[in-house]
Structure formats: structure tokens, C-alpha cells
Amino acid sequence: MRLQNKVAIITGASSDIGTDMSKRFVDEGATVIMLGRNIKSLEKAHSTIKNQNSAVSISCDITDESQVLSVVEQIVDKYGKIDILVNNAAKINDAIHFHEMKDSDVVDLVNTNILGTFKITKAVITKMLDAKEGCIINIGSISSERAIPKVHLAVYSATKAALSMFTKSIAVEYARRNIRCNCLNLGIINAGMIKPYLEDPQARKVLEERQPLNRIGEPSDVSSATIFLASDEAKWITGTVLNIDGGKSASEG
């Protein structure tokens with residue numbers, strides 16, 4: 001029960017990773033507020049949690065500042081505090097060349113992955129300052145550090161690179177206010193858009209052989225690292241960007 005009596009917000013909570021984190025946070029004793037745009041998807045994710053009374057799903061578009069401010073006030077009014085914010089919500093584009101992307105798709109990625117993260121972090125930090133403590137965890141990608149041949153994700157990668165620097169800046173800026181901020185850069189995880197691809201045994205085998213640990217990551221691998229960073233076990237860790245990628249970023253291939 002490493003998160004006993006903690007109040008946590010998880011954005012993008014209806015995603016595979018967000019749902020697993022919500023379950024695990026509840027198992028560790030936290031009260032979890034699951035945020036996402038689609039209330040039906042959120043409620044479906046919420047229904048998979050054993051102790052459903054310890055989680056609540058709320059529809060919120062993090063790119064809409066008025067919605068963000070309203071939801072944060074609602075949470076504090078009900079629970080009295082926000083201990084943990086996990087910025088998991090994100091969008092990724094189809095792997096097409098940068099010059100072929102529509103301007104609207106570029107704007108959408110920037111709005112969600114950068115500005116949306118900024119807006120909810122800003123609103124939550126205000127409450128954490130009142131409480132004189134808090135923990136923020138950003139979910140990034142190893143694509144923020146290296147370009148992948150034949151996988152064209154220039155804009156997505158740029159947004160995740162921005163998130164890494166945002167993490168370090170927030171960590172240093174608010175360290176004296178007892179607010180920690182860290183980032184998890186993910187490698188290939190059996191979640192989201194890649195799941196259908198991994199259903200092909202041969203395609204999965206090819207990807208697994210490219211990983212130093214010879215397997216694809218699971219949402220539970222992300223959740224375990226997130227719980228650690230959110231817990232008091234990591235109370236002297238801030239400004240860290242931790243790769244959760246099975247060793248891929250350390251390898252040549």
C-alpha cells in the first residue's frame with residue numbers, strides 16, 4: 001500500500017496504459033481520478049477496477065483550459081487535495097513523412113501532447129503549492145531521444161522531447177516547494193496502436209529480437225515504474241527522465 005491515502009489524477013486513463021495504472025494505483029491504496037475525453041471509454045476502464053469506490057471517471061479535454069480548471073476545482077472540493085498527477089494523455093500520428101502531414105494534425109499533436117500537459121500541470125501545481133507537496137509524472141517516449149529509421153514521427157517525437165525538458169524545468173523550479181517531477185520515456189509497449197501489429201506472431205518475433213531483453217514491454221511495466229516514482233520510496237528523485245524500454249535506448253539497433 002505504497003500510495004495509501006494519496007489522491008491521484010491520471011489523464012488518458014481509458015488507454016491500455018492508463019487503465020492499468022489506475023488499477024495498480026487503487027491496489028496501492030490511492031484514490032484515483034480517471035480523466036479522458038470519452039466518458040464511455042472511461043466508464044468501461046473504470047468497470048475493470050476491483051475496488052471501484054476508490055476510483056472515479058470524469059470527462060475532461062485537457063486542451064480546454066476551462067474544463068481543466070473546473071475539474072481540478074471539483075477534485076479538490078471533494079477530496080481536499082491532489083497528491084499525484086500522471087500526465088499520460090497523448091496523441092501519436094500515423095508514421096508518414098513530415099511534409100505530407102496536414103497542418104491540423106501538427107496542431108492537434110502540439111495541443112494535446114504539449115499544451116494540454118501544460119494546462120493541467122499548471123492547474124494542479126497551484127493546488128500542490130497550497131498543500132506544500134506533490135508529485136508529477138510525465139509519460140514520454142524514447143523517440144524523444146532518437147529517430148527511428150523508416151518510422152516517420154517527427155512532430156510526435158518533438159512533442160515528447162519538449163516534455164523531457166519540461167520535466168527537468170518543473171523539477172528544478174518547484175523543488176524548494178516540495179513538488180517533484182519526473183518523466184518515463186517508453187519504448188515499445190503492448191498497448192494502443194501497436195497491439196494489432198503484435199497479434200501477428202512473426203511481426204512480434206521480429207520486434208522482440210530487436211529488444212535487448214528480448215520481449216515487448218507491457219502496461220504493467222510502466223505502472224510499476226510510475227508507482228515507484230509516485231511513492232515515498234522515490235522522495236529524493238526529481239528531474240529524472242527514466243527509460244522504460246527494455247534496454248533499447250542503450251543499444252545500437
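Structure first, text after, so check above.
Calculation notes
Residues numbered from 1 in each chain as written. Predicted model: local features only at pLDDT ≥ 70, side-chain atom pairs only at ≥ 80, totals over all residues. Heavy atoms only, no water. Core = buried A, V, L, I, M, F, W, Y, C linked by side-chain atoms within 4.5 Å. Buried < 20%, exposed > 50% of the residue type's maximum accessible area, 1.4 Å probe, protein only. Helix = DSSP H or I, 4+ residues; strand = E, 2+ residues; numbered from the N terminus. Contact = heavy atoms within 4.5 Å. 1 Å grid on protein atoms, 1.4 Å probe; cavity = no way out; pocket = protein on both sides within 12 Å on 5 of 7 lines; lining within 4 Å. Points joined across faces, edges and corners; volume = space filled by probe spheres on them. Pairing = 2+ DSSP bridges. Right-handed = clockwise from strand over helix to strand, strands pointing away. Axes fitted to C-alpha atoms, helices over the stretch in contact; angles between N-to-C directions. Salt bridge = Lys/Arg side-chain N within 4 Å of Asp/Glu carboxyl O.

Enquirer: I'd like a rundown of the nonpolar core, residues and numbers included.
Expert: In terms of nonpolar packing, the biggest core is built from 31 residues, with Phe25, Val32, Met34, Ile84, Leu184 and Leu186 touching the most fellow members. Every element with two or more residues in this core is listed here: strand S1 (7–10), helix H1 (16–27), strand S2 (31–36), helix H2 (39–46), strand S4 (84–87), strand S5 (134–141), strand S6 (179–186) and helix H8 (219–230). The biggest single contributor to this core is H8, with five residues. Excluding its chain neighbours within four sequence positions, the residues that come into contact with methionine 34 are Ile10, Ala13, Ser22, Leu42, Ala45, His46, Ile49, Ala55, Val56, Ser57 and Ile58.

Enquirer: Which residues make up the layout of surface pockets, and what values do they have?
Expert: The space that makes up the largest pocket amounts to roughly 1,700 Å³. Taken together, 50 residues make up the lining of the largest pocket; nearest its centre are Ile92, Tyr156, Ala191, Met193 and Ile194. Secondary-structure elements contributing two or more residues to the lining of the largest pocket are H1, S2, S5 and helix H5 (154–173). Ranked by residue count, the leading element in the lining of the largest pocket is S5, at three residues.

Enquirer: How would you summarise the environment of arginine 176 if you had to cite specific residues and measurements?
Expert: Mapping arginine 176 onto the fold places it in the loop between H5 and S6. Sequence separation of arginine 176 and aspartate 64 is 112 residues, and the distance between their C-alpha atoms is 30 Å.

Enquirer: I'd love a proper account of unusual backbone geometry, names of residues and values included.
Expert: The phi dihedral of lysine 132 falls on the positive side, at around 65°, and the residue is not glycine. Relative to the helices and strands, lysine 132 is located in the loop between helix H4 (103–131) and S5. We classify lysine 132 as exposed; its relative accessible area is 63%. With a phi angle near 65°, asparagine 178 is a residue other than glycine that sits in the positive phi range. Residue placement: asparagine 178 occurs in the loop between H5 and S6. Owing to a relative accessible area of 44%, asparagine 178 belongs among the partly exposed residues under this scheme.

Enquirer: Please set out the pairing of S2 residue by residue, giving values where relevant.
Expert: With five of six residues buried, S2 is to be regarded as a mostly interior element. Here S1 pairs with S2 via four bridges, running parallel. If you follow valine 7 over to S2, its bridge partner there is threonine 31. Remark: the S1/H1/S2 crossover connection has right-handed handedness. Handedness of the β-α-β unit built from S2, H2 and strand S3 (residues 55–59) comes out right-handed.

Enquirer: Residue-level account of the sheet that holds S2, with values.
Expert: Spatial strand order, S3-S2-S1-S4-S5-S6-S7: seven strands in an open sheet with parallel pairing. The two strands at the open ends of the sheet, each matched to only one other strand, are S3 and strand S7 (241–244). When the angles between neighbouring strand axes are averaged without regard to direction, this sheet yields 20°. The pairing of S1 with S4 spans three bridges and is parallel. Bridge pairing links isoleucine 9 to leucine 85 in S4. Its contacts with the sheet place H1 against S1, S2, S3, S4 and S6, and it is angled at close to 170° to S1.

Enquirer: For the pattern of salt bridges, give the residues involved together with the corresponding values.
Expert: Evaluation of the coordinates by the stated rule reveals 11 salt bridges. Two residues, glutamate 28 and arginine 2, come together in a salt bridge whose shortest N-O distance is 3.3 Å. Within this pair, whereas glutamate 28 is found in the loop between H1 and S2, its partner arginine 2 is found in the segment before S1, the two being separated by 26 residues in sequence. Judged by relative accessible area, which is 33%, arginine 2 ranks as partly exposed. Two residues, glutamate 209 and lysine 205, come together in a salt bridge whose shortest N-O distance is 2.4 Å. Linking glutamate 209 with lysine 205, this pair stays in helix H7 (residues 201–209), spanning four residues, or about one helical turn. Of the residues examined, lysine 205 reaches a relative accessible area of 42% and is grouped as partly exposed. Each of the salt bridges in this network shares a partner with another, and the network as a whole consists of Arg2, Glu28 and Glu233.

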